[in-house]
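Secondary and tertiary structure notes
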Amino acid sequence: MKEIMKALCGLWKEEWQGMVMGQLNYEKGEGACGGPYFVSASGRRILKVSAFGGNERMEILLFPFSHGEGKEKTGEKGRLWRTFSEGEVHAFSFSMGDHNGIHQARRPVVSGFQLAEALAEGRDFHTLRIRFHHPLYAGEAVYLKEEGKTFWGISEVLCFEAVIG
């Protein structure tokens, strides 16, 4: 999964600075995964960036950053899952070749790729779909609520919803 993420980061364009990931879809087939990866981007205001190679496919949707209110998730938050430090966010972004300034700021936004990798850790899966609702900032505790194959990541607001298959 990490190599296909790096391939997508390699496509990054300066005019995309400050955009945030709205959705990530990942699928892996049977057998060994790996490149070479073929990447493409389309759209103007909302960008669809795709990569495929070997037995993997990943697609992300990028949106202009907005400081809007987050969607509240009522009820129990779930269990404390993670707190990503500023150093972790900076290091992950650097290791991926992710040049979006929102991941290198003084109070960086945790990368959607970093959240996807953390969610996938230790799980046997073939598909992963994440919808991002609100940025998660370094230093914020995120709670994970799980119902079957659906996961909600909640800080003070709903940050993401993921389905792992």
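Our subject is the structure that appears above.
Scope of this entry: the structure provided in the associated data block. Here the structure is a predicted model, which means the values were calculated and not measured.

Let us look at the sheet that holds strand E6 (residues 127–132). Sheet architecture is open: 9 strands sit in the order E2-E3-E4-E1-E6-E9-E8-E7-E5, paired in antiparallel fashion. Two strands bound the open sheet, and with one partner strand each, they are strand E2 (38–42) and strand E5 (79–83). On average, each strand axis in the sheet is tilted by 20 degrees relative to the strand beside it, whichever way the strands run. Sheet topology places strand E3 (residues 47–53) next to strand E4 (residues 56–63); 7 bridges connect them, and they run antiparallel.

Right, let's get into the pattern of salt bridges. Under the definition given, this model contains 6 salt bridges. With a shortest N-O distance of 3.3 Å, Glu-117 and Lys-2 are connected by a salt bridge. Of this pair, Glu-117 sits in helix H3 (residues 112–120) while Lys-2 sits in helix H1 (residues 2–9), and the two are 115 residues apart along the sequence. Residue classification places Lys-2 among the partly exposed residues on the basis of a relative accessible area of 32%.

For the rest of this paragraph, the subject is the packing of helix H2 (residues 86–96) against H3. Viewed as axis vectors pointing N to C, H2 and H3 meet at an angle of 100 degrees, and their least axial separation amounts to 10 Å. In this view, H2 runs roughly perpendicular relative to H3, as classed from their interaxial angle. Across from Glu-88, Val-89 and Phe-92 in H2, the residues of H3 making contact are Phe-113, Gln-114 and Glu-117. Along the lines of polarity and charge, the residues of the contact of H2 with H3 split into 3 nonpolar, 1 polar and 2 charged.

On to H1, then. Among all positions of H1, only Ile-4, Met-5, Ala-7, Leu-8 and Cys-9 are buried. Residues of H1 that are buried make contact with strand E1 (20–28), E2, E3, E4, H2 and H3.

In this structure, Leu-24, Leu-62, Trp-81, Phe-113, Leu-128 and Phe-160 are the most contacted members of the largest nonpolar core, which totals 44 residues. Excluding anything up to four places from it in sequence, Trp-81 contacts Leu-115, Ala-118, Leu-119, Val-142, Tyr-143, Leu-144 and Phe-160.

Looking now at the pairing of strand E8 (residues 150–154). In terms of burial, E8 is largely enclosed, as 5 of its 5 residues are buried. Along E8, one buried face is formed by Thr-150, Trp-152 and Ile-154 and the opposite face, lined by Phe-151 and Gly-153, is buried too. Alignment of strand E7 (residues 141–147) against E8, held across 5 bridges, turns out to be antiparallel. Residue pairing in the sheet places Lys-145 in a bridge with Trp-152 of E8. What sits between E7 and E8 in their antiparallel hairpin is a turn of 2 residues, with Gly-148 showing a positive phi close to 65 degrees. The pairing of E8 with strand E9 (residues 158–164) spans 5 bridges and is antiparallel.

What counts, and where the lines are drawn
Residues numbered from 1 in each chain as written. Predicted model: local features only at pLDDT ≥ 70, side-chain atom pairs only at ≥ 80, totals over all residues. Heavy atoms only, no water. Pairing = 2+ DSSP bridges. Helix = DSSP H or I, 4+ residues; strand = E, 2+ residues; numbered from the N terminus. Axes fitted to C-alpha atoms, helices over the stretch in contact; angles between N-to-C directions. Salt bridge = Lys/Arg side-chain N within 4 Å of Asp/Glu carboxyl O. Buried < 20%, exposed > 50% of the residue type's maximum accessible area, 1.4 Å probe, protein only. Parallel < 35°, antiparallel > 145°, perpendicular 65-115°, else oblique. Contact = heavy atoms within 4.5 Å. Nonpolar A, V, L, I, M, F, W, Y, C, P; charged D, E, K, R; others polar. Core = buried A, V, L, I, M, F, W, Y, C linked by side-chain atoms within 4.5 Å.

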